[in-house]
Amino acid sequence: MPGMASGRGRQVIIVECPVNRPSARRYALDLILKERLGLKWKWRPSTRRAYRISVAGVPGRSLRLPDRLLSVSDQDWLQPASLPRTPLARWQVPPVDQAWAGTDGAVPVIYGKHSPVGSDDGLKVSLPLDVPGSVFFMCSRYEEWVLPDRDEHGRFPSHASVAGRCGFLTEPIVDHYIELLWAAMHRLWPHLRRRETSFRTMLSHDVDRPYLEPLKSLKDVATDVHAALRGENRPATREEAWLAGREIVDPHFALRRRTLLTENGSAFRWLLDLAARHGLRSAFYFLGGVTDPQRDASYAVGHPALRGLMVLLRREGHEIGLHPSYASGTDITAIRREFRALRRACAFERIWQAKWGARMHYLRWIPKETARTLDKAGLDYDATLTYADHIGFRCGTCHEFPGFDHVTGKPMRLRLRPLIAMDVSVTSRIYMNLGFGEAAFTALRDVKEACRAVNGNFTLLWHDNRLATEEERHLLAEVVSA
Ligand SMILES: [Zn+2]
């Protein structure tokens, strides 16, 4: 019968490996074998510093992987000495598996053999990659716990990461490692069946400026303009000055014209039509409060116009989430307060959701703190993790996975839904500076293709206030269609 996994019942994978760091090892092996491949596995303790993988009841065949990261000494754990040595060695992948390699047919070896060579005699296969250790490294954001690098918003910059320094920010390396592992397992045990996933585009929007500010006095407008002209990112050209000025002045005119959030021509109506044309279920993240008056919402999440927008979003099948304010990523009281305000606004409109997700304002993910704060506040998932300054795979994957808490040494309840690209990362002068034309489209299409190749999720963030011009709308529409 098609789809049936042979008459032998569900096979059990046996993993022999050391017993130190049991919770980190179980997290990595669960993530790879159980969650991603849908396989049942059992741990068999071993004193040998390696992973030996076999299938119960099938003697004589095995797969070996080196064990590097998870066997480092306690003294070096979460210390610079345990970080991968760069530049990384590269493993020339056998031709049969080259779909998962870079253009030169090689993959970077985060942890693994120093002179990476694999072997395969048909019964015993050896890969030179420490797949569990490398997956743990990327998914638990290990390096962000070790390195002190931060940008002006306290964020970990892409150029400090191993992926940034070694040129694989736009490769889903975790997904490629898992595919390479599966390819070897499938050759050894052709009757094994894996869990299949399918590619999805997940469009999402941070509701930063829905243009609801009460009309300010002309004096307030003048103050805003003055601040923008004097600020650190002050416009360099006439055109930029004009755009910056419009950003400040537009909301006031919009309100004067009584533009409704969702009327024809508005950013939201346009986004809803785009999603409907492509059959997408989008997520909209709302700011629930203020921790930094300069940078946070100019709207109250409980405002009737915002609630009206939420009702419309839900009616059209979209998801509502929390956009925690600028300084809330280290402040459990603030996140709880904002989450409550959002749910109260939703409850008022009888909007109920089984799961609630979050994405930090400014993608302000403070290493060591934000994941733990969101987890404690009871959020179900986070969708922040890409780099603000560069698109790509901060966690090495475009599939959702559970977070890991390095303080307790255990997995979290909070799941991480990696973000792959933010509009501003591509277009802004201070980040990739690719504008709105062909170069920006190509960069976004390429990461989308990388997600498609591993049947993952292309999660794209487009801000509600980045749809004012024809070229902004055109770029988003082209990327969604690609
Ligand atoms: Zn925001």
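Above this text sits the structure in question.
Quick summary incoming for the structure in this document. The structure displayed is predicted, hence computed values, not measured ones.

Quick word on the overall build of the protein chain
Scanning the protein chain from terminus to terminus reveals 14 helices and 17 strands. In the protein chain, 74% of the contacts between residues at least 6 apart in sequence involve partners at least 24 apart.

Points about the sheet that holds strand β3 (residues 50–55)
If you trace the six strands from one edge of the open sheet to the other, you get β2-β1-β3-β4-β8-β7, paired in mixed fashion. A single partner strand is all that each edge strand has here, and the edge strands are β2 (40–45) and β7 (119–120). Sheet topology note: the β7/strand β8 (residues 124–126) ladder contains two bridges and is antiparallel. Across the sheet, residue serine 119 finds its bridge partner in β8, namely serine 126. Along the sheet, helix α5 (residues 173–188) contacts β4 (58–66) and β8; its crossing angle with β4, the most-contacted strand, is approximately 165°.

Notes on the environment of proline 128
Within the element layout of this structure, proline 128 appears in the loop between β8 and α2 (131–139). Classification of proline 128 by C-beta neighbours within 10 Å gives buried; the count is 20. C-alpha separation for the pair proline 128 and arginine 64, spaced 64 residues apart in sequence, amounts to 8.5 Å. Sequence-distant contacts of proline 128, that is, excluding residues within four places in its chain, are made with Pro66, Trp91, Val109, Gly112, Lys113, Pro116, Val117 and Gly118.

Quick look at helix α10 (residues 332–348)
Side chains three or four residues apart in an α-helix point the same way, a direct result of the helix having 3.6 residues per turn. Taking 1.5 Å as the rise per residue, α10 with 17 residues should run 24 Å; its terminal C-alpha atoms sit 24 Å apart, in good agreement. Every buried residue belonging to α10 is among Ala334, Ile335, Glu338, Phe339, Leu342, Ala345 and Cys346, and all of these are buried. Buried positions in α10, seen along its axis, are confined to an arc of 130° and lie on one side of it. More than 90 degrees from the buried face of α10, the exposed residues found are Thr333, Arg344 and Ala347. Next to the buried residues of α10 lie β10 (283–286), α9 (304–315), β11 (319–322) and α11 (370–377). Backbone geometry just downstream of α10 places arginine 350 in the positive-phi region, at approximately 55°.

Considering α11
Among the eight residues in α11, six count as buried, and that is most of the element. Turning to α11, its buried residues are Thr370, Ala371, Arg372, Thr373, Leu374 and Ala377. Contacts made by the buried residues of α11 are with α10, β12 (357–358), β13 (381–382), β14 (401–405) and β15 (410–416). Once α11 ends, the next one or two residues include glycine 378, with phi positive near 90°.

Quick notes on the pairing of strand β1 (residues 12–17)
Residues in a regular strand project their side chains so that they alternate between the two faces of the sheet. Only one face of β1 is covered, namely the one carrying Ile13, Val15 and Cys17; the face carrying Val12, Ile14 and Glu16 has none of its residues buried. The sheet contact formed by β1 and β2 spans six bridges and is parallel. Across the sheet, residue valine 12 finds its bridge partner in β2, namely lysine 40. Since β1 and β2 lie parallel, the crossover through helix α1 (residues 22–36) that links them has a hand, and here it is right-handed. Relative to β3, β1 runs antiparallel, the two being bridged by four bridges.

Observations concerning the nonpolar core
Core analysis: the largest hydrophobic core is formed by 120 residues, its most contacted members being Val135, Phe136, Phe286 and Ile420. If you tally residues by element for this core, the top one is α5, at nine residues. When residues are assigned to domains, this core turns out to be shared by domain 1 (12–188) and domain 2 (200–212 + 261–481), each giving three or more. With near-sequence residues (within four places) excluded, phenylalanine 286 lies in contact with Val207, Val301, Leu306, Ile320, Leu322, His323 and Leu342.

Rules used in this analysis
- Chains are numbered independently. Their residues run from 1 in the order of the written sequence.
- The model is predicted, so local features are restricted to residues of pLDDT at least 70 and side-chain atom pairs to those at 80 or more, both for listing and for counting; the totals for chains, interfaces and linings are taken over all residues.
- Each helix corresponds to a stretch of at least 4 residues labelled H or I by DSSP, and each strand to a stretch of at least 2 residues labelled E; elements are numbered beginning at the N terminus.
- Two residues qualify as a contact pair if the distance between their C-beta atoms, derived from the backbone, is within 7 Å.
- If DSSP finds at least two bridges between two strands, the strands pair.
- In this description, a line fitted to the C-alpha atoms serves as the axis of each element, helices being fitted only across the stretch in contact, and the angle between N-to-C directions of two axes falls anywhere from 0 to 180 degrees.
- To assign burial, the other C-beta atoms lying within 10 Å of each residue's own C-beta are counted, with C-beta atoms placed from the backbone; 20 or more indicates buried, 12 or fewer indicates exposed, and intermediate counts indicate partly exposed.
- Multiplying 1.5 Å by the residue count of a helix minus one yields the expected span of that helix.
- The arc refers to the directions leading from the helix axis to the C-beta atoms.
- Every crossover in which the path from the first strand over the helix to the second runs clockwise, viewed with the strands pointing away from the viewer, is termed right-handed.
- Remark: nonpolar core denotes a set of buried Ala, Val, Leu, Ile, Met, Phe, Trp, Tyr and Cys residues whose joining runs through C-beta atoms within 7 Å.
- These domain limits were set by an automatic method or by a database of domain assignments.

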